[in-house]
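Notes for the structure review
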Amino acid sequence: MTDTAPLPQAAAVPAAAHGADTPAAAPAASPETGTPATPPPGLRDFYENPAVPVASGDGRSRRQARQLAAALAGRPGGTVVDVGCGDGTAAATAAPLLAGHRLIGIDWSQDALRRARPRMGAVVRGELEHGGLPLADGCADAVLFSEILEHLVDPDQALDELRRILKPGGHLMLSTPNLAAWYNRALLLAGVQPVFSEVSLRGIHGRPGSEVVGHLRLYTARALRSFLTASGFEDVRITGAPFHGVPRPLRLVDRAACAVPGAASILLAHARRR
């Protein structure tokens with residue numbers, strides 16, 4: 001878990017990795033020119049702000065790690081790439097369950113990597129945009145992509161890049177908030193902005209909560225499954241995980257909702273590269 005051997009290089013230009021809750025926004029292509037569009041003013045600065053959280057709850061991390069450990073059972077020595085490792089908190093939670101596998105963390109924030117290094121050992125700066133991740137094609141047995149997708153301007157490009165670094169049949173373990181979480185269904189019926197959605201980078205408006213984390217896209221279980229399949233993945237399985245921000249009196253309900261992934265707070269997707 002602390003192997004620091006050189007990483008397989010695919011491109012000299014670093015690409016886009018992000019904090020576990022604060023990934024960078026890959027620029028979308030301009031429909032007029034086909035060239036990458038500039039991210040909205042201030043968006044990159046927002047994600048570079050050290051005050052923005054770089055870690056989410058460990059309930060999701062433990063569930064993902066158990067799923068991945070089961071998928072890699074009988075195949076020791078695999079390479080697991082945590083794209084958007086943040087401060088390494090999620091990796092530290094997963095490490096005991098992934099003993100025997102090499103875990104590499106990628107993030108674009110030097111500050112996050114400094115904090116992640118003691119927890120992970122092997123870390124590298126990179127981004128999903130501007131040339132791709134600094135890893136060779138087909139080098140990874142598995143990719144962790146936790147709480148990143150909802151922050152991206154261009155999620156299509158991101159999944160193309162994750163698919164590129166995975167071996168054929170390699171595992172993608174992805175998590176993202178659920179637009180159709182059980183409480184969001186009730187909030188929408190009441191005309192209230194759903195949890196996880198944000199209409200501004202400067203403050204929360206019209207919904208519960210007070211913390212801005214830069215969510216740009218939200219998925220339902222059905223939309224996420226369709227998106228992953230269209231992006232070159234197969235055997236897509238979606239389970240649920242609780243959300244650490246649910247008020248304490250409602251946490252038992254939130255855990256129970258995980259039995260119905262479409263209503264859970266967090267969507268955990270396990271898919272394989274075609």
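For the structure itself, consult the block above.
Let us look at the structure shown here. (Residues numbered from 1 in each chain as written. Predicted model: local features only at pLDDT ≥ 70, side-chain atom pairs only at ≥ 80, totals over all residues. Heavy atoms only, no water.)

1. A closer look at the pairing of strand S5 (residues 166–177)
By the criterion of burial, S5 is predominantly enclosed, with ten of the twelve residues buried. Sheet analysis places strand S4 (residues 140–146) next to S5, joined by six bridges and oriented parallel. Within S5, the position partnered with Phe145 by the bridge is Leu174. Regarding the hand of the β-α-β motif, the stretch spanning S4, helix H5 (residues 155–165) and S5 is right-handed. In the sheet, S5 pairs with strand S7 (residues 266–273) via seven bridges, with the strands oriented antiparallel. In the sheet register, Met173 faces S7, and the bridge partner there is His270. (Buried < 20%, exposed > 50% of the residue type's maximum accessible area, 1.4 Å probe, protein only. Helix = DSSP H or I, 4+ residues; strand = E, 2+ residues; numbered from the N terminus. Pairing = 2+ DSSP bridges. Right-handed = clockwise from strand over helix to strand, strands pointing away.)

2. Focus: helix H6 (residues 182–189)
Along H6, the positions that sit buried rather than exposed are Tyr183, Asn184 and Leu187. Seen from one end, H6 has its buried residues packed into an arc of 100°, which puts them on one side. Taken together, the buried residues of H6 touch helix H8 (251–257). Immediately downstream of H6, the backbone of Gly191 shows phi near 80°, a positive value. (Arc of directions from axis to C-beta. Contact = heavy atoms within 4.5 Å.)

3. Brief notes about helix H2 (residues 58–71)
The terminal C-alpha atoms of H2 lie 20 Å apart, and with 14 residues this matches the ideal 20 Å at 1.5 Å per residue to within 8%. Arg60, Ser61, Gln64, Ala65 and Leu68 are the residues of H2 that are buried. In a view along the axis of H2, the buried residues occupy a sector of 125°, so they form one face of it. At its buried positions, H2 is contacted by strand S1 (79–83), helix H3 (89–94), S4, S5, strand S6 (233–241) and S7. (Expected span 1.5 Å × (residues − 1).)

4. Things to note about the sheet that holds S6
An order of S3-S2-S1-S4-S5-S7-S6 is seen for the seven strands of this open sheet, with the pairing classed as mixed. The strands lining the two open edges of the sheet, one partner per strand, are strand S3 (122–125) and S6. Strand after strand, the sheet turns through a mean of 20° between neighbouring axes, direction not considered. Here helix H4 (residues 110–120) sits on the sheet and contacts S1, strand S2 (102–107) and S3; the angle it forms with S3, its principal contact strand, is near 165°. Contacts from H5 reach S1, S4, S5, S6 and S7, with the element oriented near 140° to S5. (Axes fitted to C-alpha atoms, helices over the stretch in contact; angles between N-to-C directions.)

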